[in-house]
Structures are given as structure tokens and as C-alpha cells.
Amino acid sequence: ILNVWMLLFFALTCMVSMPARSAVFERLIILDEKTDVVEFGNKTEILFDEDGDLTLEDISRPEIQEKFTPHNDQAVGFGFMDSVLWIKFTVLWKPTDVSQINERQWVIEQNTPFLDHVEMYDIGANGELKVSRAGDKQDYSDMEFQYPLHLFMTSTLPYIQKTLYMRVQTKG
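Another aspect to go through is the pattern of salt bridges. Inspection of every chain in the model, using the stated rule, returns four salt bridges. Residue E63 is joined to R61 by a salt bridge in which the shortest nitrogen-to-oxygen separation is 2.7 Å. Residue classification places E63 among the partly exposed residues on the basis of a relative accessible area of 42%. Three or more residues joined by partner-sharing salt bridges are found here, namely D58, R61 and E63.

A few words now on unusual backbone geometry. Excluding glycine, residues mostly carry a negative phi; peptide bonds, for their part, are mostly trans. At Y159, a position not held by glycine, the phi torsion is positive, near 65°. Along the chain, Y159 turns up in the loop between β9 (150-156) and β10 (162-169).

What follows concerns the pairing of strand β5 (residues 84-93). For β5, a buried count of 10 out of 10 residues is recorded, marking the element as mostly surrounded by other parts of the structure. Both faces of β5 are covered, namely the face carrying V84, W86, K88, T90 and L92 and the face carrying L85, I87, F89, V91 and W93. Bridge analysis of strand β2 (residues 28-31) against β5 gives four bridges, and the strand direction is parallel. Bridged to I29 within β5 is V91.

A few words on the nonpolar core. Core analysis: the biggest nonpolar cluster contains 19 residues, and I87, F89, M120 and M166 have the highest contact counts within it. At the level of elements, β2, β5, β6 (104-110), β7 (117-123) and β10 are the ones that each hand at least two residues to this core. In terms of residue count, the dominant contributor to this core is β5 (five residues). Of all hydrophobic cores here, the second largest spans nine residues; its members include I59, F68, V84 and Y121.

Rules used throughout
Counting restarts for each chain, with residues numbered from 1 along the sequence as it is written. Confidence filtering applies because this is a predicted model: local features only for residues at pLDDT of at least 70, side-chain atom pairs given and counted only at 80 or more, and all residues used for totals across whole chains, interfaces and linings. Only hydrogens and water are removed before side-chain values are computed, so all heavy atoms of the structure are retained for them. We define a salt bridge as a side-chain nitrogen of Lys or Arg found within 4 Å of a carboxyl oxygen belonging to Asp or Glu. For the exposure calls, accessible area comes from a 1.4 Å probe over protein chains only, and a residue counts as buried if that area is under 20% of its type's maximum, exposed if over 50%, partly exposed in between. Numbering of helices and strands runs from the N terminus, with a helix taken as a DSSP run of H or I at least four residues long and a strand as a DSSP run of E at least two residues long. Strands are treated as partners if at least two bridges between them are detected by DSSP. Here the nonpolar core consists of buried residues drawn from Ala, Val, Leu, Ile, Met, Phe, Trp, Tyr and Cys, with membership extended through side-chain atoms lying within 4.5 Å.

Take a look at the structure:
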């Protein structure tokens, strides 16, 4: 049985802004045992993929990483867009109980219900890539959670930063 310790709300309902780059630490999403819900839109970085053809391998290249723009609003909005939006965020689990040395499970919720395609790219501690899919154009049986909003499971080890990528494609 899978224990889910926390639900991260990724509120994505406001308009996208393009602020100046800020310190990496300010973008870090710190989690602990007392964390219940975190709205972390303002701790993300975004990249518009105008042609919609970039892959995880492409966006991992340093020259593409430099094109991610910090997002300072609490939420990220989509509206009508022809391009693909990549969202990058980094979490760090800092347990208050130092005896906690095992992986911990987290659920990430992207709570904008009417998105066509949402993919979460998660590289595990063993280096294995996990791609989870959701969206209102996605077959329900292919989703990790059969739920109206977009939920994704991830796990983290204590004191190790983990960067996740979300790819969103929608016509609104």
C-alpha cells in the first residue's frame, strides 16, 4: 500500500508573467513532515516551446536550461495557447526527524481541470525516468490516478534536491 504524505497544490490559474531571474535558493520548495499543502507557482521556472517539439533531453541541455524564466506569481495560467509550456520546479525534503532516511511519497496536483495534455517527467534516485500523463484528452485508464484533476506521484530522499518537469499542451 502506497502511503501518500502530502498533497502539493500547483495552482495554475493566473496569467503568466516574465520576471527577472532570482536566486536558485528562493525557487527551492522546502518540504518537511509538517508540510500539508504548498502552492508553489511562484517557485517555478517556465519555458515556452513555440513549435511543441522539445523533448526532456532537449530541455536538459545547458543552452535550453538558460531559456527557462522564473515565474513570480503564485499561479501559472494557460488560457488559449498554440505552444507547449514547460514548467520546472525543484523540491527538497528536509525532515525534522533525522531518523527519517527512507524515500518519502508526495502527490503533486495540477489543479487546472481543462488541460488537454499534461506530462510529468520525474527522474528517480536510481536514474530511471518516469513519465506520467494526465489531461482531459488523455485516456483515463492511462493516468496514474483516475481523478478529474491532474495528480502525479513522486518520491524524494531526504536532503537531496529533485527537479521535476511538467509539460503542458492545451488549446484552452
